[in-house]
Amino acid sequence: LTRLGRWAVGAAAQSAGTESNAIPRSEFIAKLALVLGAIPFLGLLWGMAKGATDYQVRRITLRFPNLPPAFDGFKVLQISDLHTGSFNSTEPLQRAVALINRQKADLILMTGDLVNNRATEVEPHIPALAGITSDLPIFSSLGNHDYGDYVPWDSPAQKRENLERLMQNHAKIGWTLLNDTSHTIARGTDKIAVLGVQNWSSHANFPKH
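Residues numbered from 1 in each chain as written. Predicted model: local features only at pLDDT ≥ 70, side-chain atom pairs only at ≥ 80, totals over all residues. Heavy atoms only, no water.

Visitor: Sorry, what's going on with the overall build of the protein here?
Guide: Per the secondary structure count, the protein includes five helices and six strands. Overall, the protein shows an N-to-C arrangement of helices and strands of α-α-β-α-β-α-β-α-β-β-β. Seen along its three principal axes, the alpha-carbon backbone of the protein occupies a region of about 85 × 50 × 35 Å. Within the structure as shown, the protein displays about 13700 Å² of accessible surface, and the carbon and sulfur contribution to it stands at 56%. (Helix = DSSP H or I, 4+ residues; strand = E, 2+ residues; numbered from the N terminus. Areas by Shrake-Rupley, 256 points an atom, 1.4 Å probe, with all protein chains shown as cover.)

So, in structure tokens, the structure goes:
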């Protein structure tokens, strides 16, 4: 960054008419590389500081030939990968909850990775997440990070206790964890089922439960 600054000052002086020697080709290439390298670096900084909590709502229309008529226009809101262990403050999650509630969805689903690794990561944020409102139960499932597969544990029992604590935290937030279970939603005489499976992927090296 220092070299880039010096080059910018030199370029400005040259354009203002100050005497300056032409830059050697190798130095020009090196400085051009610095400029090009700075672009992804600045993008990374923006992503860390701003982009991570610059929440966006994506609206997708799903069509099913066998959808019961009473569920035409049924709005499902999906939240995923909150990774609450990455938050130093609850404020971004409070903004997320307000955005979620403004959507006035019929059904809300949280589809995994509530934490990075440990159940305790979400606990400071439980009151904020409990602010999500819905007439129907809010259903949740587990993601690969929720199982604690990426950190060392003193014993298998400690790892199991962490998962159990995380599942209890889902309940404290007010979410119904669908762990290889299902729930039926009725509208009049029409019904649909919500099914929750544990973490799974087609990738060979991805943890499967």
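Visitor: Teacher, can you tell me more about unusual backbone geometry here?
Guide: Apart from glycine, the bulk of residues carry a negative phi angle, and the bulk of peptide bonds sit in the trans form. The phi angle at H83 is positive, at roughly 45 degrees, despite the residue not being glycine. Take H83: it is sitting in the loop between β1 (76-79) and α3 (91-102). Residue classification places H83 among the buried positions, given a relative accessible area of 18%. Positive phi values are uncommon outside glycine, yet D180 reaches one of about 60 degrees. Along the chain, D180 turns up in the loop between β4 (175-177) and β5 (181-187). (Buried < 20%, exposed > 50% of the residue type's maximum accessible area, 1.4 Å probe, protein only.)

Visitor: I would appreciate a short explanation of the pattern of salt bridges in the present structure.
Guide: Once their charged atoms are close, side chains differing in charge can pair, the charge on each being opposite to the other. This structure, assessed with the given rule, holds five salt bridges. Residues D149 and K159 are paired through a salt bridge, measuring 2.6 Å at the closest nitrogen-oxygen approach. Linking D149 in the loop between β3 (138-141) and α5 (156-173) with K159 in helix α5, this pair joins segments that are 10 residues apart in sequence. (Salt bridge = Lys/Arg side-chain N within 4 Å of Asp/Glu carboxyl O.)

Visitor: For this particular structure, what's the right way to read the packing of aromatic side chains?
Guide: Given two aromatic rings, their pairing is described by the distance between the two centres and the angle made by the two planes. The tally for this structure, following the rule as stated, stands at one aromatic pair. Look at F71 and F74: their rings are 5.2 Å apart centre to centre, the planes differ by 75 degrees, and that puts the pair in the edge-to-face class. Comparing F71 with F74, the two get one shared label, buried. Cation over ring: R118 sits above W153, and NZ or CZ is 4.5 Å from the ring centre. Its guanidinium or amino end placed over the ring of W200, K208 lies 5.8 Å from that ring's centre, counting from NZ or CZ. (Phe/Tyr/Trp six-rings, centres within 6.5 Å; stacked < 30°, edge-to-face > 60°. Lys NZ or Arg CZ within 6 Å of the ring centre and 35° of its normal.)

Visitor: What is the right way to read α3 from this model?
Guide: For an α-helix, 3.6 residues make a turn, and residues three or four places apart therefore share a direction. Relative to the 16 Å expected for 12 residues at 1.5 Å per residue, α3 spans 17 Å between its end C-alpha atoms, a close match to the ideal helical length. Within the sequence span of α3, burial applies to P92, L93, A96, V97, L99 and I100. Around the axis of α3, the buried residues are gathered within 160 degrees of arc, so they sit on the same side. Structurally, α3 contributes buried residues whose contacts are with β1, β2 (107-111) and α4 (126-129). Phi turns positive one or two residues past the end of α3, at K104, with a value near 50 degrees. (Expected span 1.5 Å × (residues − 1). Arc of directions from axis to C-beta. Contact = heavy atoms within 4.5 Å.)

Visitor: Mind showing me how you'd approach the pairing of strand β6 (residues 190-196) here?
Guide: Bridge count between β5 and β6: seven bridges; the pairing is antiparallel. Paired with T181 across the strands is G196, a residue of β6. A loop of two residues connects β5 with β6, the two strands running antiparallel in sequence, and G188 in this loop sits at a positive phi of about 65 degrees. (Pairing = 2+ DSSP bridges.)

Visitor: Any chance you could explain the side chain of N199 here in plain terms?
Guide: Structurally, the position occupied by N199 is in the segment after β6. Setting aside anything within four residues of it in sequence, one finds N199 in contact with L142, G143, N144, Y147, F206, P207, K208 and H209.

Visitor: Sorry if this is basic, but what is going on with the side chain of H125 here?
Guide: Locating H125 in the fold gives a position in the loop between β2 and α4. We classify H125 as buried; its relative accessible area is 4%. At a separation of 2.9 Å, a polar atom in the side chain of H125 contacts the side chain of T90. Ignoring sequence-local partners within four residues, the contact set of H125 consists of T84, F87, S89, T90 and L93. (Polar contact = N/O pair within 3.5 Å; in protein donor to acceptor, adjacent residues only side chain to side chain.)

Any functional reading would require information that these geometric values do not contain.
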